[in-house]
Protein chains: 2
Amino acid sequence: MGRVRFDEANCGIARSLDVLGDWWTLLIVRDAFLGATRFSDFQQHLGIARNILTQRLRNLVEHGILERVNVGQAGERYEYKLSVKGESLLPVLTTLREWGDEWVFGEGQEPLLMCDRETGERVPKTVVRNTSGKQLQRRDLKPKLGPGFERANKDSSPGDSAGSSTERRSKKA
Amino acid sequence: MGRVRFDEANCGIARSLDVLGDWWTLLIVRDAFLGATRFSDFQQHLGIARNILTQRLRNLVEHGILERVNVGQAGERYEYKLSVKGESLLPVLTTLREWGDEWVFGEGQEPLLMCDRETGERVPKTVVRNTSGKQLQRRDLKPKLGPGFERANKDSSPGDSAGSSTERRSKKA
DNA sequence: CGATTTGGTTGCATCACGCAACCAAAATGC
DNA sequence: GCATTTTGGTTGCGTGATGCAACCAAATCG
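Nothing here was measured: the structure is a model prediction, and the numbers come from that model.

**Focus on the interface of chain A and chain B**
Taken together, the contact pairs 77 residues of chain A with 80 residues of chain B. Breaking the side of chain A that touches chain B down by element, the ones donating at least two residues are helix 1 (12-20), helix 2 (25-33), helix 3 (39-46), helix 5 (84-87), helix 6 (90-105), strand 3 (112-116) and strand 4 (141-145) of chain A. Take the side of chain A that touches chain B: its biggest share by element is 15 residues, from helix 6 of chain A. Broken down by class, the residue content of the side of chain A that touches chain B amounts to 36 nonpolar, 23 polar and 18 charged. Two strands pair when backbone bridges link them, and strand 3 of chain A and strand 4 (residues 141-145) of chain B are joined in this way by 5 bridges, in the antiparallel orientation. Across the sheet, residue D116(A) finds its bridge partner in strand 4 of chain B, namely L141(B).

Dropping the structure here:
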């Protein structure tokens, strides 16, 4: 059996991972954030297998995260550019990088710092805040059912929301 | 391509994904955030294969994200609990969920809402801010070399870039 | 026009993952 | 205290996912 997918899972994390969870996908998006646009940019920079890159780029385009635009003057030459949906992944990439900087590299060992282009100041760590701006931790959070809950959750309580909702779907392509 | 290339071995995102990038890993962490502690909790909630769950839990323990504590009264009975390192993944899980809520489910279709336990208010979307609290977008950010950059950038000859740029996914276990 | 770059596709080998069967120790029932 | 069930796995096997290398056509460059 192939990989389990979560097309119908009742959880935004699972659905995000369904789109982004492949090993290379977020690294491709990261490269796009740093300016890569061409097939060969991604391929050379990431060292990814070309057929896999083809699949990932196609997947990202299908999901509307990248847009494939023909820039050839007399035929086909493509650029992949971030869409609005793609640019809205900034908080995901930022928190991932910040976690890696803190827990893998360690404070003071960061290879790359993000700064405010205008002020030049380093961007402070992104944290979860309430409406008053107070930082929230895990214990400060309380999950509640949202408007889109009922579907696919006939037998589960909120606590064990994943119950049997991990629908399995056969692979695509 | 005149500009500096940031080797992803030198990038917190890649390093984070090296730890968290396996398909199931973040979903296991999510379940831990929602209160799961036992092997069978994760197994039943996620529907994950037991041997894979074994590998993923072991991996998370090795990386210090979960702690495996023996709670047996007369022998072995284990609980997996989030460490501080694990709890600090909250921003990552939150931004992932928020992206999925917005772009996969859509506004008003969220299956699960996160609220401030104290005030009951819904937690607003987590965004990247500068020191003044102003929200930053991709174009407002400027990457700079950090103190931990130089290491691992000595071998960046284009020829062997496939090997050096990204650590080949080595099988663990 | 010929050479090189771009943007792939195809075949093959390997590996990660799912599934089911099996197992030992701990808890539970009686 | 003995049998049964639950817990927390391990092992073997099959298949899809992925990496690697070779190949290719169209576009661009010299």
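**Quick look at the relation of the copies chain A and chain B**
Mapping chain A onto chain B is achieved by rotating through 180° and translating by 0.0 Å along the same axis, at an RMSD of 0.1 Å. Such values leave the two copies arranged in the relation of a two-fold axis. The rotation axis passes nearest to the C-alpha of V92(A) in chain A, at a distance of 3.0 Å. Taken as a fraction of all interface residues of chain A, those also at the interface in chain B reach 92%, which identifies the copy contact as same-surface.

**Observations concerning the nonpolar core**
Within the largest apolar cluster, 68 residues are counted, with the highest numbers of intra-cluster contacts made by I13(A), L27(A), I28(A), L93(A), I13(B), L27(B) and L93(B). Other than its neighbours up to four places away in sequence, L93(B) contacts I13(A), L26(B), V29(B), R30(B) and F33(B).

**Overview of the environment of L113(A)**
Looking at the element boundaries, L113(A) is found in strand 3. Under the C-beta neighbour-count criterion, L113(A) is labelled partly exposed, with 17 such atoms within 10 Å. For the pair L113(A) and V123(A), spaced 10 residues apart in sequence, the C-alpha separation works out to 8.0 Å. Those residues in contact with L113(A) that lie beyond four places of it in its chain are R122(A), K144(B) and G146(B).

**With respect to helix 3 of chain A**
Where helix 3 of chain A is concerned, the buried positions are F42(A), H45(A) and L46(A). Down the axis, helix 3 of chain A shows its buried residues gathered within 85° of arc, on one side only.

**Looking at the environment of D41(B)**
All names here are of chain B. Among the structural elements, D41 can be located in helix 3 (residues 39-46). Sequence separation between D41 and E79 is 38 residues; the distance between their C-alpha atoms is 9.9 Å. Setting aside anything within four residues of it in sequence, one finds D41 in contact with D31 and A36.

Cut-offs and rules
- Residues numbered from 1 in each chain as written.
- Chains lettered and ligands numbered in written order.
- Predicted model: local features only at pLDDT ≥ 70, side-chain atom pairs only at ≥ 80, totals over all residues.
- Contact = placed C-beta atoms within 7 Å.
- Helix = DSSP H or I, 4+ residues; strand = E, 2+ residues; numbered from the N terminus.
- Nonpolar A, V, L, I, M, F, W, Y, C, P; charged D, E, K, R; others polar.
- Pairing = 2+ DSSP bridges.
- Least-squares fit on C-alpha atoms with pLDDT ≥ 70 in both.
- Core = buried A, V, L, I, M, F, W, Y, C linked by C-beta atoms within 7 Å.
- Buried ≥ 20, exposed ≤ 12 C-beta atoms within 10 Å, placed from the backbone.
- Arc of directions from axis to C-beta.

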